[in-house]
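Spelled out, the chains give:
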Number of protein chains: 2
Amino acid sequence: MNAPLPPSRYAFSQRACNLTSSAIREILKVTERPEIISFAGGLPAPQGFPVEVMQAAYDRVLSQQGRVALQYGPTEGYAPLRAWVAEDLKRVGAHDISPDEVLIVSGSQQALDMLGKLFIDPGSKVLVEAPSYLGALQSFSLFDPAYVSVPTDQGGLMPQGLTDERVRDARFIYALPNFQNPTGLTLNLQRRQELVERCAAVGLPIIEDDPYGDLRYAGEALPGLLGLGRAVGATVIRLGSFSKVLAPGLRLGYIAASREIISKLVQIKQATDLHTATLTQMAVYETVKSGFLATHLPSVRELYRKQCGFMLDAMAEHFPATCSWTRPEGGMFIWVTLPEHIDSGELLARAVERNVAFVPGAPFYTDAVRPNTMRLSFVTVPEDKIRSGIAVLGELIRQS
Amino acid sequence: MNAPLPPSRYAFSQRACNLTSSAIREILKVTERPEIISFAGGLPAPQGFPVEVMQAAYDRVLSQQGRVALQYGPTEGYAPLRAWVAEDLKRVGAHDISPDEVLIVSGSQQALDMLGKLFIDPGSKVLVEAPSYLGALQSFSLFDPAYVSVPTDQGGLMPQGLTDERVRDARFIYALPNFQNPTGLTLNLQRRQELVERCAAVGLPIIEDDPYGDLRYAGEALPGLLGLGRAVGATVIRLGSFSKVLAPGLRLGYIAASREIISKLVQIKQATDLHTATLTQMAVYETVKSGFLATHLPSVRELYRKQCGFMLDAMAEHFPATCSWTRPEGGMFIWVTLPEHIDSGELLARAVERNVAFVPGAPFYTDAVRPNTMRLSFVTVPEDKIRSGIAVLGELIRQS
């Protein structure tokens, strides 16, 4: 028998000690059980993935430029893909973006990590929507900011909430203007204009996170904050993603911002992961370069529109009048406000016993938590299970 | 004409303000000119990339499991690849690694970033070899450590340099035991044993970075620090990479460590980029699962051995006796010590005028900088250009 080993002794950083397992993560573990009807996920519908088209693209890249595709590449990203993104940004009203104002990243989540590194010192004030995207809060939190939440109403973020006191010394405001995660709400044009003007006036950078913008299935497309902001001198850093328009397993996204900001982010990305996979960038460029998305996206939008409709119909039938919920014009999520006395965390425990899951609202708040809220995703669940799952939730809410 | 825009005003984090452009990066810009003979690069030889094999692997994965390959995946990594890595670690003497002690990452550089997050608070003491891998220093520096360098000699890191004073309150020691970047030196078995025993005794975690271990073309393979360390109760965190055995453009690597450490790193990775690309992991697993590397690596090793020999021969012919240099048993780099009066940064300026480039040694040191050193890579330069480039350097050194 061996002698007893000395105990492991090591000290983690303060930020690592502060980490707790995410609520969503723990819930998703439960929801992996096949019998669970899960409205908790944030996964896009796999039937929308253009598998054959991407397979052909990988094939062409590897047979024609294999050694380039498998070699190290520039930290900034694959030049033709950067140029494609710059051109594509015209669709969201950003007409003057140069390819060197685009940085390719390994998914939007990486962009959030890099922006945390760029802007956040311990205690730095960071403005977020209430509620906001949990994944962004997790990324930023590694850099120990002091969150201040900006009030929202049924129209989303309220620009008049950017009071002098709130914006003073804030490093940036983080906003999702289209079909926000978790609420599904969209900022109207007037609020977008007010937001960029206010931020320009007070010198507050805006991080515009727009992973869902191309998934609009109702209402009219609105210009993004990047183009609106540039016109009035606001600093806007736009995050885009290929996760919802092509496939999330690729881990591919981009940041569009001024040269000064991109240049710092390139240095940060070099230290973070050198560069995003060359082959992935080349295969995605090969996929999108000739207008594929214009023919592909209508079917994805139609799929999401129908799924959203199934859930809204079921909610109208089964949820009591004491509940209210958002009616998204795009994206993946519906946000439910339950009667004040219901804690959605407790509701989840009872729902899981009945094989239904969702995400409670509390973790999406940095303060002024509203425990009587929850996020429902309608994307990957078949119509009949949406109906039966919503019926169970309605029954449990009525019993509460 | 538009009214003048208000000035952009924003504050970067202190760490971002401290960033300066890397010396290697600036040099590599010059070396992109086609007339330059560059010994500066750290790129593997593209003729060693198994393009056709990987193309077939991507094809199989996308045609057989396309929707899984393009969907979000677990943060921990693709389970069959984790199991393959755990099994493969037996080759380096780590016989008891469980798949859940393996975390898949987007290249070793990402592992360094995540370990910086895990261990480094501002001012935390971090032990590094002198000289050490520049990319690691860049990653760690984002978290503002206090570096303390451990002395090295012609045998690499000296375990007796881990004095009580040096190790006190240190968060970890970062070491590259095989064909170190930048020196090409390898720790012998006795030093490995002394290192893990000393670290076990004082409770100092070891980060073992081993991207080049499979590129041994001379001498005998030695057990890695992970297996040696576990046997004596040391905490070893091993970083491995597919960059040098398959292709770097994939951005794929792994971390092997105890469950407690992997579990914290999973939380950190979730906030950093959610997970590494599913398709990449599945295609690499498809490539390696049936023993491909055992047949592929001998040809890569032979290529590197020959290239290394060309450079050593040319140096023996052209470099004056006042220079000394390492004779690597594997990997990609030779480290040159010039006469004390020569500053390799100044030498580089004159070399670039003659269309030859290399990396000066200074940036690889955190303290006690030796400016009369330089790193030469022999991997991607054809034999005739190795000869003429080394001849130019020899001439310039003699003139100094």
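Just so you know, these numbers come straight off a predicted model, no measurement behind them. (Residues numbered from 1 in each chain as written. Chains lettered and ligands numbered in written order. Predicted model: local features only at pLDDT ≥ 70, side-chain atom pairs only at ≥ 80, totals over all residues. Heavy atoms only, no water.)

Scanning chain A from N- to C-terminus turns up 14 helices and 15 strands. Relative to the 2.2 N^0.38 estimate, which gives 21 Å for 400 residues, the radius of gyration of chain A is 22 Å and therefore close to what a compact globule would have. C-alpha extents for chain A along the principal axes are approximately 75 × 60 × 50 Å. Burial status across chain A gives 62% buried among its 400 residues. Here chain A displays about 14500 Å² of accessible surface, and carbon together with sulfur accounts for 52% of that area. The distance from the centre of the 38 positive side-chain charges to the centre of the 41 negative ones in chain A is 3 Å. (Helix = DSSP H or I, 4+ residues; strand = E, 2+ residues; numbered from the N terminus. Rg over C-alpha atoms; globule rule 2.2 N^0.38 Å. Buried < 20%, exposed > 50% of the residue type's maximum accessible area, 1.4 Å probe, protein only. Areas by Shrake-Rupley, 256 points an atom, 1.4 Å probe, with all protein chains shown as cover. Lys, Arg positive; Asp, Glu negative; His and termini not counted. Charge placed at Lys NZ, Arg CZ, Asp CG, Glu CD.)

Taken as rigid bodies, chain A and chain B are interconverted by a rotation of 180° and an axial shift of 0.0 Å, the fit giving an RMSD of 0.0 Å. Overall, the copies show the geometry of a two-fold rotation axis. Mapped onto chain B, 100% of the interface residues of chain A again fall at the interface, so both copies present the same surface. (Least-squares fit on C-alpha atoms with pLDDT ≥ 70 in both. Contact = heavy atoms within 4.5 Å.)

The next thing to look at is the nonpolar core. A:Ile173, A:Phe242, B:Ile173 and B:Phe242 are the most contacted members of the largest nonpolar core, which totals 110 residues. Among residues more than four places away in sequence, those in contact with B:Phe242 are B:Leu81, B:Trp84, B:Val85, B:Ala247, B:Leu252, B:Gly253, B:Val284 and B:Val288. In this structure, A:Ala111, A:Phe119, A:Ile261 and B:Ala136 belong to the second largest nonpolar core, which totals 68 residues. (Core = buried A, V, L, I, M, F, W, Y, C linked by side-chain atoms within 4.5 Å.)

Right, let's get into the UniProt feature "domain: Aminotransferase class I/classII large" (unreviewed entry) in chain A. Taking the numbering used here, the UniProt-annotated feature "domain: Aminotransferase class I/classII large" (unreviewed entry) corresponds to residues 51-390 of chain A. Its end C-alpha atoms 31 Å apart, residues 51-390 of chain A is made of 43% helix and 16% strand. (UniProt positions renumbered as here; feature names shortened; annotations may be inferred.)

Next up on the list: the packing of aromatic side chains. A full pass over the atoms with the stated rule returns 24 aromatic pairs over all chains. Ring geometry for A:Tyr10 versus B:Phe119: centroids 6.5 Å apart, planes at 90°, classification edge-to-face. Of this pair, A:Tyr10 sits in the segment before helix H1 (14-18) while B:Phe119 sits in helix H5 (residues 108-119), placing the two residues on different chains. Given a relative accessible area of 22%, A:Tyr10 falls into the partly exposed group. B:Phe119 sits in the buried class, given a relative accessible area of 0%. Members of the aromatic cluster, each reached through a chain of ring pairs, are A:Tyr10, A:Phe12, B:Phe119, B:Phe140, B:Phe172 and B:Tyr174. (Phe/Tyr/Trp six-rings, centres within 6.5 Å; stacked < 30°, edge-to-face > 60°.)

As a further point, take the packing of helix H5 (residues 108-119) of chain A against helix H6 (residues 134-141) of chain A. All names here are of chain A. As a packed pair, H5 and H6 sit with axes 8 Å apart at the nearest point and diverge in direction by 35°. You can see that H5 and H6 cross each other, and the crossing is right-handed. For the pair H5 and H6, the contacting residues are Gln 109, Leu 112, Asp 113 and Gly 116 in the first and Gly 135, Ala 136, Ser 139 and Phe 140 in the second. Of the residues belonging to the contact of H5 with H6, the class tally is three nonpolar, four polar and one charged. (Axes fitted to C-alpha atoms, helices over the stretch in contact; angles between N-to-C directions. Left-handed = near helix turned anticlockwise from the far one by under 90°. Nonpolar A, V, L, I, M, F, W, Y, C, P; charged D, E, K, R; others polar.)

As a further point, take the interface of chain A and chain B. How big an interface is tends to be expressed through the accessible area that disappears when the partners come together. Taken together, the 88 residues of chain A in the interface contact 88 residues of chain B. Seen at the junction of chain A and chain B, the total is two salt bridges. With its nearest N and O atoms 2.7 Å apart, the salt bridge here joins B:Asp113 to A:Lys117. Here chain A and chain B share 40 residue pairs in polar contact (both at pLDDT 80 or more) between them. Looking at the side of chain A that touches chain B, the elements with two or more residues in it are H1, helix H3 (51-69), H5, H6, helix H8 (189-202), helix H9 (225-232), helix H10 (259-273) and helix H11 (278-288) of chain A. Classifying every residue of the side of chain A that touches chain B by side-chain character gives 40 nonpolar, 32 polar and 16 charged. (Salt bridge = Lys/Arg side-chain N within 4 Å of Asp/Glu carboxyl O. Polar contact = N/O pair within 3.5 Å; in protein donor to acceptor, adjacent residues only side chain to side chain.)

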